[in-house]
Amino acid sequence: MIWRRLKEYAGEQEEKQPSEEERDGLHVSFRERLVMVLTAYVVIVLPCLLVLIGLSLLACWLFGLL
């Protein structure tokens, strides 16, 4: 029962995806790429660094190094 629905959904998703010719026609400017890279950096890397720094400070505090 669920497999039939899943196959129908997958078929609909394939129909919605742009063709290879349409994808080749899309142009992403340098500025847009830069914004995407910086956004990924802010969203992924900075929170990870903040968590690691926080855990390091907590460990230092627990061992009496602070």
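Residues numbered from 1 in each chain as written. Predicted model: local features only at pLDDT ≥ 70, side-chain atom pairs only at ≥ 80, totals over all residues. Heavy atoms only, no water.

J.: Is there a simple way to think about the overall build of the protein in this case?
T.: On a plain count of helices and strands, the protein comes out with three helices and zero strands. Each helix (α) and strand (β) of the protein, taken in turn from the N terminus, gives the series α-α-α. Residues classed as buried in the protein amount to 0% of the 66 residues present. In the form shown here, the protein has an accessible surface area of approximately 6,700 Å², with 67% of it arising from carbon and sulfur atoms. (Helix = DSSP H or I, 4+ residues; strand = E, 2+ residues; numbered from the N terminus. Buried < 20%, exposed > 50% of the residue type's maximum accessible area, 1.4 Å probe, protein only. Areas by Shrake-Rupley, 256 points an atom, 1.4 Å probe, with all protein chains shown as cover.)

J.: When you look at the confidence of the model for the protein in this model, what are you seeing that I'm missing?
T.: Any segment with low pLDDT has predicted coordinates that should not be analysed in fine detail. On average, the protein scores 85 in pLDDT, and the residues at 70 or more come to 83%. By mean pLDDT, the top-scoring element of the protein is helix H3 (residues 30-62) (95), and the lowest-scoring one is helix H2 (residues 20-25) (70). (pLDDT = per-residue confidence, 0-100.)

J.: Would you take a moment to explain H3 for this structure?
T.: Since the α-helix advances by 3.6 residues per turn, residues separated by three or four positions end up pointing in the same direction. Here H3 contains 33 residues, and its C-alpha end-to-end distance of 47 Å stays within 8% of the 48 Å for a straight helix at 1.5 Å per residue. Note on H3: the residue one or two positions beyond its end, Gly64, has a positive phi of about 80°. (Expected span 1.5 Å × (residues − 1).)

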